[in-house]
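A structural walkthrough
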Amino acid sequence: MNRRVLLVDDDLDTRAIFRAILEHSGFCVLEAVDGEEGVRLARDENPAVVLMDVSIPKLDGWDATRALKADAVTSSIPVIALTAHALPSDRQKALDVGCVAFLAKPVEPLEVVSEVRRVLARE
Amino acid sequence: VRQFRETDEPPAEHPPIPFVAIAASPPDVRAFVAELPSSVALLEGPEHLVTAASSGYRSLIGGDDPCGRRFAEVHPAIAQDGVPALLTRLYLTGEPISGTRPIESLGGGTLPHRRFFDYVYQPIQAPGGRVWGIIAQFHDATDRVRAELEREFLGMVTDVLASSIDYEATLTAVTELAVQGTADWCAIDELDDEGTIRRISVAHPDPKMVRLAHELMERYPVDANAPHGAARVIRTGELEFVREIPDELIIKATRDEEHLRIVRALGLTSYISVPLIARDRVLGALTLVTSGPAKRFDDRDLRVAGEIARRAAVAIDNARLHRESEQARGRLEEQAIQLEVQAEELLATQAELELSNDELQHANAELEERIAESERAVAVANAASDRLVLLAEAGALLGSQLDYQATLNELAQLVVPRIADWCFVEMVDDDGSVELVALHHEDPGRTALAREAVGRYPVDRSAPHGSAAVLRTGEPELVPEVPDTLLEAVAQDSRHLAILRDVGFRSYLSVPLQVRGRIVGVLSLVAGESGRRLGEADLSLAQELGRRAALAIDNAWLYAAENEARHVAESASDRSRRLQEIASALNQATTPSEVADVCVFHGIEALQADAGSLALLSDDRTAFEIVSTSGFADEVADRWRSFPLVPGKPVSDAVILRTPVILGTRADWNARYPHVLPDVEAAGTIGFATIPLVVATEVVAGLSFGFSGEKVFEDADRRFLTTLGEQAAQALERARLFEAESQARTEAELANRAKTDFLSAMSHELRTPLNAIAGYIDLLEAGVRGPLSAQQLSDLSRIKRAQTILLDLINDILSFARIEAGRIEFGRERIDVRELLAGLDEVMGPLLAAKGLRYSGDAGSEPLFVSGDPERIRQVLINLLSNAVKFTDQGGSIAVSAAAGTDNVVICVEDTGKGIPVEKLDSIFDPFVQVGRGYVSEGQQGVGLGLAISRELARGMGGDLTVESVLGEGSRFILALPNADEASDNE
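Residues numbered from 1 in each chain as written. Chains lettered and ligands numbered in written order. Predicted model: local features only at pLDDT ≥ 70, side-chain atom pairs only at ≥ 80, totals over all residues. Heavy atoms only, no water.

The helix and strand tally for chain A stands at five helices and five strands. Moving toward the C terminus, one meets the helices and strands of chain A in the order β-α-β-α-β-α-β-α-β-α. Put simply, chain A has 123 residues, and 50% of those count as buried. The long-range share in chain A, meaning contacts at least 24 apart out of those at least 6 apart in sequence, stands at 58%. For chain A, the accessible area works out to roughly 5700 Å², and carbon and sulfur atoms hold 50% of it. (Helix = DSSP H or I, 4+ residues; strand = E, 2+ residues; numbered from the N terminus. Buried < 20%, exposed > 50% of the residue type's maximum accessible area, 1.4 Å probe, protein only. Contact = heavy atoms within 4.5 Å. Areas by Shrake-Rupley, 256 points an atom, 1.4 Å probe, with all protein chains shown as cover.)

Following this line, the structure appears as structure tokens:
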């Protein structure tokens, strides 16, 4: 079973924490620091799920998600958005661009793990 | 006259003091007002409490200290006129209110009768335009108002008397005018040909009183020998003026007990009785009476009465002459008819006696003599009748017109050729020279010739004969036969003599025209080619005409003086109105440039100037910059847009010398600024005035006006300029302060926004690493890095708690910054208080249970609904409850209750905690204020912003948050919110 999780976030601490908890929970973690790298890795590595922070350089999380959904190779990979606020508008935007779920920061590491598990179970 | 008293015309002489309130706080204004010498009071608040009173105002109203009392209480009469409502309206309009009123309405008890004051109610505005008080100013306007009333009144009297020859009707009208203006009663009594006194007219504002007066007159006719009153005035020709009628006078003047009782009941206070005199004959008397306490005539009233009497006498005399001439003509015609009948009878007798020659001849001679005699009698009678007709016509003519030059010309036409071949009138000018004002001869050619002669040979004031002598002596001159030697003596050269001989001076007479004892001209009649000879009868007729002509001249002069006074008063009131307008326009102006525009625009209008400009002096006081200009040619305006301050130029000099520079004529320029005159000539703007605008003690600007051609600056212009300058300077200063203040405010707002943005950015920056800390703690706690000891876990939980506190604090700072910056929008919903409180139980339940606190929620028996944002209200209540939990020790209790307030709903959160010290009650809502180290134990930190945010949220929804507390017993936080049902009522 594919247990690769692509983590797209420009913040070093967030990547380190999420990588540790996800690996601890038996996932394999790929990291990207900006939107462009995220899209490239998704295409090359075919992860089971993408954790996409929305405020990232070069290509922001929303556009990167759109790019993934527009490409036949990556369109079926579920994307979980990581947003700065839990506003209804953020939720709506996440659905609009094609995300399957969204988590508002700050998010507890264990919550990330359970969300990833839930999404994969549904898939 | 009554209307005038009520009018709200602006006072002519006292433009309001424009109060500049921006820099002055209420205590400063109060102190300022109290120091003023004039009558000024400061009114504040909805009740218009007198909060300061000048010494002038205190003495004006007399009595107790007005301070602290309502204005309406100090002046009950004013209150009845609705003035408090006007004052209240002034708070909304900000427009000053002014006018004139009789002084009785001020309520001063000790002031004499018939005084007036001007009032101005001026709003005082705070910088934002909010009116916070009213300056009430009062000026004694008695002299001006009474002069205006008298002038107007005498004007009406003159008009009425000139309008009709039916003198009884016109005198009735005069008495009715008098009781509107000066007196309660007015009567005119006439001495008729039989020597009895007849009351022509009596007036009182109340018709019932007039009927009473007529009844009294019938029962008690005037006793011609009475020792007082009209009868004595008519007998002696001397006026009577009794300021205060003593009771003994009434006793003496009445006939019996009944009469005395009635007259006493009338309550007469004061009277004036003046004789009506025309042609040195007393025709009657005019009597004015006041009734009621404190209404006494004064010397002004006496003068007015004299003026009415003079005019009434002329009216009576004219009317009588007219009547007499009509009667005389009738009598003489009858006499002539009788003489003709007699002549016919005699002729018949002559025929009968034809036979007796001697007798016949004798009879014939006698008859012829009788016929001649009768013919002479008819001629004399006709001449006398002609004279009376002429006098009546002249009287009517002279009484009816106010352009005396035209009237005198018409008079000359009336006289020629009836009694003379020539008639001319000369008058003395103000400068003493003699001017021909009227001249008439039947032949226009000869009139022109005579005019030419007079023009070429001015009257020699030292001549022994003719008009010069009459002017000098005041005595009439009659020369029935003019000898050639007299012409030679009068002629100034041979050509003059030739003209005089050609005119044919055979016979002449000259009479003086005398106005109130002063000889102002000469009326001359000349007989020439008709061969007529002027005699004593012609002289007396001419004297009569002269008296009437003099009266006409006097009337015309008085009328002109009245017109002039009216004009001056009107232009003063016009100016004052303009100043009022300017003050109001200046109130609206908020920038120096707007102030300048108002001054230039209104100044040009009021002065009828052709151009104007306002030049501001630079801060270093070396140059001017023109901020507003109008009427100057573009190239002139451009050239002078800025110019240096140098002595020897009008605008600079006005500023340097701190005095207006006013240049009306080329001569004025030549005297002070000859070097500038060519420029001035080129621009065509000769008349020029600059006034310095002085703020505090510094000149800040020059306001200039230019006039096409030369300009006469009258006193009124100068006064207007000065006042405009004062108003402009104050408005300019106010505008500067206003600008400085709004700049400071903008800067403060910008600084505040920058602070908010900074805080907001800082919070974000702080939160990121804090979130990382939390994440790493979570990792460790989850055992990701391997198993931890109990001590390590305990340390981690302490790190976690510190991290939480710090994060909460940062979140609070961010919320507070957002609220302060107005970046939070509040929903507005109708919220059921019951549901709101029930929702709290859910959240708070575990917390309360954990600490072992008792809790009760009471939403009241009646359904309550508040208006607001449900999430924000919950946030506030949870904050209050969290605090209550934090600060209440185990075993205590917390209660939430709701109730309807007067126009809102209050929700109370009460605890039995440690309470808040009194000195902290005010400051606990301030950001970052902790109740005190001693009161806060571990676990109770992090409340620095909670209450500040809660109060801001409550206020943001139109409510408030307050606190009551007893130290050691507990606290009660009271959240007030708009009642949703009340709020919807208002919408």
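Let's pick the thread back up.
So, about the interface of chain A and chain B. Residue-level contacts link eleven residues of chain A with eleven residues of chain B. The contact between chain A and chain B buries some 960 Å² in all, and 70% of this surface belongs to carbon and sulfur atoms. Our enumeration of links across chain A and chain B arrives at zero salt bridges. Linking chain A with chain B are one residue pair in polar contact (both at pLDDT 80 or more). (Buried area = accessible area lost by both parts, 1.4 Å probe. Salt bridge = Lys/Arg side-chain N within 4 Å of Asp/Glu carboxyl O. Polar contact = N/O pair within 3.5 Å; in protein donor to acceptor, adjacent residues only side chain to side chain.)

What follows concerns the pairing of strand E14 (residues 507-515) of chain B. Residue and element names in this part refer to chain B. Counting buried residues along E14, eight of its nine residues qualify, which places the element largely inside the surrounding structure. Relative to E14, strand E13 (residues 477-479) runs antiparallel, the two being bridged by three bridges. Note on E14: the bridge partner recorded for Val479 is Tyr508. Alignment of E14 against strand E15 (residues 518-527), held across nine bridges, turns out to be antiparallel. Residue pairing in the sheet places Gln514 in a bridge with Ile519 of E15. Taken together, E14 and the strand that follows it, E15, pair antiparallel across an intervening segment of two residues, in which Arg516 is found at a positive phi of about 45°. (Pairing = 2+ DSSP bridges.)

In this section: the packing of aromatic side chains. All names here are of chain B. Evaluated as defined, the whole model comprises ten aromatic pairs over all chains. Ring geometry for Phe71 versus Tyr121: centroids 6.1 Å apart, planes at 85°, classification edge-to-face. Taken together, the positions of Phe71 in helix H4 (residues 71-74) and Tyr121 in strand E4 (residues 116-125) put the pair 50 residues apart, joining distant regions of the chain. In this pair, the class of Phe71 matches that of Tyr121, namely buried. Each residue in the set Tyr57, Phe71, Tyr119, Tyr121 and Phe138 is aromatic and connected to the rest through ring pairs, giving one cluster. (Phe/Tyr/Trp six-rings, centres within 6.5 Å; stacked < 30°, edge-to-face > 60°.)

Take helix H30 (residues 946-956) of chain B next. Residues and elements named next belong to chain B. Where burial is concerned, most of H30 is hidden: eight out of the eleven residues are buried. Those residues of H30 that fall on the buried side of the exposure criterion are Gly946, Leu947, Ala948, Ile949, Ser950, Arg951, Leu953 and Ala954. Just beyond H30, the residue with positive phi is Gly958, at close to 85°.

That bond from A:Lys105 to A:Pro106 is cis: its omega, -5°, falls within 30 degrees of zero. Looking at the element boundaries, A:Pro106 is found in the loop between strand E5 (101-104) and helix H5 (109-122). Although it is not a glycine, A:Asn46 adopts a positive phi angle of roughly 50°. Note that A:Asn46 resides in the loop between helix H2 (35-45) and strand E3 (49-53). What makes A:Asn46 partly exposed here is its relative accessible area of 42%. Its identity as a non-glycine residue notwithstanding, B:Arg621 has a phi of 60°, on the positive side. The partly exposed category is assigned to B:Arg621, whose relative accessible area is 31%.

Here we come to the pairing of strand E4 (residues 79-83) of chain A. Residue and element names in this part refer to chain A. By the criterion of burial, E4 is predominantly enclosed, with five of the five residues buried. The two faces of E4 match: Val79, Ala81 and Thr83 on one face and Ile80 and Leu82 on the other face are all buried. As paired elements, E3 and E4 share four bridges and run parallel to each other. If you follow Leu51 over to E4, its bridge partner there is Ile80. With helix H3 (residues 61-70) bridging E3 and the parallel E4, this β-α-β connection has right-handed handedness. Across four bridges, E4 lies against E5 in parallel orientation. Bridge assignment links Leu82 to a residue of E5, and that residue is Leu103. Read from E4 through helix H4 (residues 88-97) to E5, the crossover connection turns out right-handed. (Right-handed = clockwise from strand over helix to strand, strands pointing away.)

Quick look at the confidence of the model for chain A now. Across chain A, pLDDT averages 90, with 100% of residues at or above 70. The lowest-confidence element of chain A is H4(A), averaging 85 in pLDDT; the highest-confidence one is strand E1 (residues 4-8) of chain A, averaging 95. (pLDDT = per-residue confidence, 0-100.)

Our focus in this paragraph is the pattern of salt bridges. All names here are of chain A. Counted under the stated rule, the structure contains 33 salt bridges over all chains. Note that Asp71 and Arg43 form a salt bridge whose closest N and O atoms lie 2.6 Å from each other. Taken together, the residues Asp71 in the loop between H3 and E4 and Arg43 in helix H2 connect sequence positions 28 residues apart. Taking relative accessible area as the criterion, Asp71 reaches 15% and is therefore assigned buried.

Our focus in this paragraph is the layout of surface pockets. All names here are of chain B. The calculated volume of the second largest pocket comes to roughly 960 Å³. Forming the boundary of the second largest pocket are 33 residues, of which Arg199, Ala253, His259, Val263 and Leu268 lie nearest the centre. Contributing elements (two or more residues each) for the lining of the second largest pocket: strand E6 (185-191), strand E7 (197-203), helix H9 (207-219), helix H10 (229-236), helix H11 (247-253), helix H12 (257-265), strand E9 (268-278) and strand E10 (281-291). In terms of residue class, the lining of the second largest pocket is made up of 24 nonpolar, five polar and four charged. (1 Å grid on protein atoms, 1.4 Å probe; cavity = no way out; pocket = protein on both sides within 12 Å on 5 of 7 lines; lining within 4 Å. Points joined across faces, edges and corners; volume = space filled by probe spheres on them. Nonpolar A, V, L, I, M, F, W, Y, C, P; charged D, E, K, R; others polar.)

Strand pairing in a sheet relies on backbone hydrogen bonds, with the paired strands running either antiparallel or parallel. All names here are of chain B. An order of E7-E6-E10-E9-E8 is seen for the five strands of this open sheet, with the pairing classed as antiparallel. What marks the edges here is a single partner per strand, and that holds for E7 and strand E8 (240-242). For this sheet the average axis-to-axis angle between neighbouring strands, irrespective of direction, equals 15°. Alignment of E8 against E9, held across three bridges, turns out to be antiparallel. Residue pairing for E9: Phe241 is matched across the bridge by Ile272. Strands E6 and E7 of the sheet are contacted by H9, whose axis makes an angle of about 165° with E7. (Axes fitted to C-alpha atoms, helices over the stretch in contact; angles between N-to-C directions.)

Residues and elements named next belong to chain B. Counting 44 residues, the largest nonpolar core has Ile873, Leu877, Ile907, Phe973 and Leu975 as the members making the most contacts within it. Breaking this core down by element, the ones donating at least two residues are helix H27 (790-820), helix H28 (833-851), helix H29 (870-887), strand E25 (893-900), strand E26 (904-911), H30, strand E27 (960-966) and strand E28 (970-978). For this core, the element with the highest residue contribution is H29, accounting for seven residues. Beyond its immediate stretch of four places on either side in the chain, Phe973 contacts Leu880, Ile907, Cys908, Val909, Ile916, Ile924, Phe925, Leu947, Leu961, Thr962 and Val963. (Core = buried A, V, L, I, M, F, W, Y, C linked by side-chain atoms within 4.5 Å.)

Quick look at the sheet that holds E14(B) now. Residue and element names in this part refer to chain B. With antiparallel pairing, five strands are arranged side by side in an open sheet as E12-E11-E15-E14-E13. Single-partner strands in this sheet number two, and they are strand E12 (434-441) and E13. Taking each pair of neighbouring strands and ignoring which way they run, the sheet shows an average axis angle of 15°. The strands touched by helix H16 (residues 444-456) within the sheet are strand E11 (422-428) and E12, with E12 carrying the most contacts at an inclination of about 165°.

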